[in-house]
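Read off the chains here:
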Amino acid sequence: MLLSLFVVFTITGCSLIQQEYEYVAEEFMMDTFVKLKVYDADKAKAEEVAQKALDEFKRIELLTNRYAQEGTAEYAKSDVIKLNLAAGHSPVQVDKDVLAMLSLCKKYNKEFDGAFDVTIGPVVDLWGFGTEKKSVPSDEKLEERLELVDSNKMVLDEEKGTAYLVKEKMSLDLGGIAKGYATEQAAQLLRDDGIKKALINAGGNIYAIGEKDKNIPWMIGIQDPRNPDKIIGILKLKDQVAVTSGDYQRYFEVDGKRYHHILDPRTGKPASNMMSVTVVADNSALADILSTSFFVMGVEQSLAYIAEHPGVEAVFVTQDKRIIYSPGLEGVIELEKDGGYKIDQGR
Amino acid sequence: MTRGDKVLIGGVLIMALILLGVGYVQKNAQHNSGIAVIRAEGQIVREVELYLKENQELRIEGPLGTSVARIVEGRVQMVSSPCRDKICIKQGQISRSGQSIVCVPNEVSITIEAKGEVDEITR
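Just so we're clear, the structure is a prediction, and the values are computed from it rather than from any experiment.

Cut-off values and rules
- Residues numbered from 1 in each chain as written.
- Chains lettered and ligands numbered in written order.
- Predicted model: local features only at pLDDT ≥ 70, side-chain atom pairs only at ≥ 80, totals over all residues.
- Heavy atoms only, no water.
- Helix = DSSP H or I, 4+ residues; strand = E, 2+ residues; numbered from the N terminus.
- Buried < 20%, exposed > 50% of the residue type's maximum accessible area, 1.4 Å probe, protein only.
- Contact = heavy atoms within 4.5 Å.
- Areas by Shrake-Rupley, 256 points an atom, 1.4 Å probe, with all protein chains shown as cover.
- Pairing = 2+ DSSP bridges.
- Axes fitted to C-alpha atoms, helices over the stretch in contact; angles between N-to-C directions.
- Salt bridge = Lys/Arg side-chain N within 4 Å of Asp/Glu carboxyl O.
- Phe/Tyr/Trp six-rings, centres within 6.5 Å; stacked < 30°, edge-to-face > 60°.
- Buried area = accessible area lost by both parts, 1.4 Å probe.
- Polar contact = N/O pair within 3.5 Å; in protein donor to acceptor, adjacent residues only side chain to side chain.
- Nonpolar A, V, L, I, M, F, W, Y, C, P; charged D, E, K, R; others polar.

J.: Any details on the overall build of chain B? Residues and values, ideally.
T.: Of the regular secondary structure elements, chain B holds 2 helices and 8 strands. Counting from the amino terminus, chain B carries its helices and strands in the arrangement α-β-β-β-β-β-α-β-β-β. For chain B, with 123 residues in total, the buried portion stands at 41%. For chain B, long-range pairs separated by at least 24 residues make up 32% of all intrachain contacts whose partners lie at least 6 apart in sequence. Surface summary for chain B: the accessible area is close to 6,800 Å², and the carbon and sulfur share equals 55%.

Structure (structure tokens):
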């Protein structure tokens, strides 16, 4: 999967005295492109820490990959594959980051009454997302698989460092957190090494470290869910993340009806009221979980959650072509006026 | 060829590109703000302003051969590539800053960048 690395140095020096180097590294990982832009006065350092951050992405990818082919080195390294194989049989010793991810997922599964669930694996497989063979399953089959979706039957033992899926045929799908968690880890590595300015784009998950220039924020566009050439608006971010879940990222169509990959764990079917949800927060793993959860829960319930959690904001694009954003984004978001959407500020 | 010769040739090429660029700027009043930055084997080989009415074809040399990109009305698309899977061609058209087309096997990438516009796009 890790195929290449494009490397470029440019001098972007904004003052005459101090030169600032931009190091850009790009790599295909986690089924998407991961791009890092790291800025520092020390060229060698920027390169070194960017490489370290990419290595961290690779490590998390290997641990969470559940589509590796049997017999490959990737297959042997995946904790998620080990856990899925051992379901109903025995607990598995896992990496501390895998345990941390699962523990976070369990917490939000509870918080959102099952609207977010990493034990969704059997249902994802039934739909065929992640494979070439996608199809709409029957209700009976869905019911059968939903029996296996239950985070309460995922037992974590922090002391022993183990995780256990209690029922046979249960399986994990970390698609709703792995990229966000890896982005968070990579950003922390950059920060720990003293990087004050960087931009990470992990397939549309954005992490903005610092600001673009003195008192100038990073400008992050939000993709128009129905027109890949357009954006619906711009978010001005500083030391923040923006993560989007959309019905346009992975989907297939049957008889003109769109079936996308964001499944409601309670029904096993694609969540239906939203085109996209973009979450702004200060933690990428959390934002990843929230964007998926908000997509499933809908506008009202999500806004209620946001009202009680300072530091979390969101922009919703609904199926009936409305854009709703949380009050905290006033002054942070600039929406395109003639985008064909009706704009509301949520309460 | 001495090192000095190489520097001289490189310098002349860069100057030629800059002059070409200046020519385009003068020729076209109407343009959108994007710049297509073309990289091959990790180096920037060309930067093309995306004019709405300036269509052109770019030939980019990579380790496997020539990748061909087409710019039509400010949109960039890979139309031919020596790579096996043609993922770069399947990526379709890009026109917004922050978007990119990457051909991993041929080590060619096209990224749209723009000053004063968006730095990246969340999707």
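Now that the structure has been shown, we can carry on.
J.: Which residues make up the sheet that holds strand E5 (residues 154–157) of chain A, and what are the values?
T.: All names here are of chain A. Strand order in this open sheet of 3 strands is E4-E6-E5, and the pairing throughout is antiparallel. One side of each edge strand has no neighbouring strand; the edge strands of this open sheet are strand E4 (92–93) and E5. Sheet analysis places E4 next to strand E6 (residues 162–165), joined by 2 bridges and oriented antiparallel. Its bridge partner being in E6, Val92 is matched across the sheet by Ala163. Most of the contacts of helix H4 (residues 96–111) go to E5, to which it runs at about 130 degrees, and overall it touches E5 and E6.

J.: Explain the sheet that holds strand E9 (residues 218–224) of chain A residue by residue, including any values.
T.: Taken in spatial order, the 4 strands of this open sheet run E17(A)-E10(A)-E9(A)-E8(B), and their pairing is mixed. Each edge of the open sheet carries a strand with a single partner, namely strand E17 (333–335) of chain A together with strand E8 (120–122) of chain B. When strand polarity is set aside, the average angle formed by the axes of neighbouring strands in this sheet is 35 degrees. When strand E10 (residues 227–237) of chain A meets E17(A), the two strands line up antiparallel, connected through 3 bridges. The partner of Ile234(A) across the bridge, within E17(A), is Glu334(A).

J.: Tell me what's going on with the pattern of salt bridges, and back it up with residues and numbers.
T.: Two side chains of opposite charge can pair, provided their charged atoms sit close to one another. Residues and elements named next belong to chain A. Applying the stated criterion to the full structure yields 27 salt bridges over all chains. As a salt-bridge pair, Asp247 and Arg258 come within 3.7 Å of each other at their nearest N and O atoms. One end of the pair, Asp247, is in the loop between strand E11 (240–246) and strand E12 (251–254); the other, Arg258, is in strand E13 (residues 257–260), and 11 residues separate them in sequence. The exposure class assigned to Asp247 is buried, which follows from its relative accessible area of 0%.

J.: Quick rundown of the environment of Ala41(A)? Include the residues and the values.
T.: The residue Ala41(A) is located in the loop between strand E3 (32–40) and helix H1 (43–64) in this model. Sequence separation of Ala41(A) and Glu22(A) is 19 residues, and the distance between their C-alpha atoms is 8.8 Å.

J.: So, the packing of aromatic side chains: which residues are in play, and what are the values?
T.: Residues and elements named next belong to chain A. Following the criterion strictly, the structure yields 12 aromatic pairs over all chains and no others. Where Phe28 meets Phe33, the ring centres are 5.0 Å apart and the plane angle is 70 degrees; that geometry is what we call edge-to-face. Measuring from ring centre to ring centre gives 5.8 Å for Tyr108 and Phe112, while their planes differ by 35 degrees; the resulting arrangement is tilted. With respect to class, Tyr108 is no different from Phe112; both count as buried. Through successive ring pairs, a cluster of aromatic residues spans Tyr108, Phe112, Phe294, Tyr305 and Phe316.

J.: How would you explain the environment of Leu8(B) if you had to name every residue and give the values?
T.: Tracing the backbone through its elements, the reader meets Leu8(B) in helix H1 (residues 3–27). Separated by 80 residues in sequence, Leu8(B) and Cys88(B) place their C-alpha atoms 34 Å apart.

J.: Can you lay out the interface of chain B and chain A for me, pointing to particular residues and giving the numbers?
T.: Residue-level contacts link 27 residues of chain B with 34 residues of chain A. Of the roughly 2,500 Å² buried where chain B meets chain A, counting both sides, 52% is carbon and sulfur surface. Broken down residue by residue, the surface that chain B buries against chain A is led by Glu120(B), Thr122(B) and Arg123(B), which jointly contribute 32%. Applying the counting criterion to the chain B and chain A interface returns 3 salt bridges. Between Lys212(A) and Asp119(B) there is a salt bridge, with the nearest N and O atoms lying 2.7 Å from each other. At the junction of chain B and chain A, the tally comes to 14 residue pairs in polar contact (both at pLDDT 80 or more). At the level of secondary structure, the elements contributing two or more residues to the side of chain B that touches chain A comprise strand E2 (43–49), strand E6 (100–103), strand E7 (108–113) and E8 of chain B. Here the side of chain B that touches chain A is built from residues that sort into 7 nonpolar, 12 polar and 8 charged. Two strands pair when backbone bridges link them, and E9(A) and E8(B) are joined in this way by 3 bridges, in the parallel orientation.

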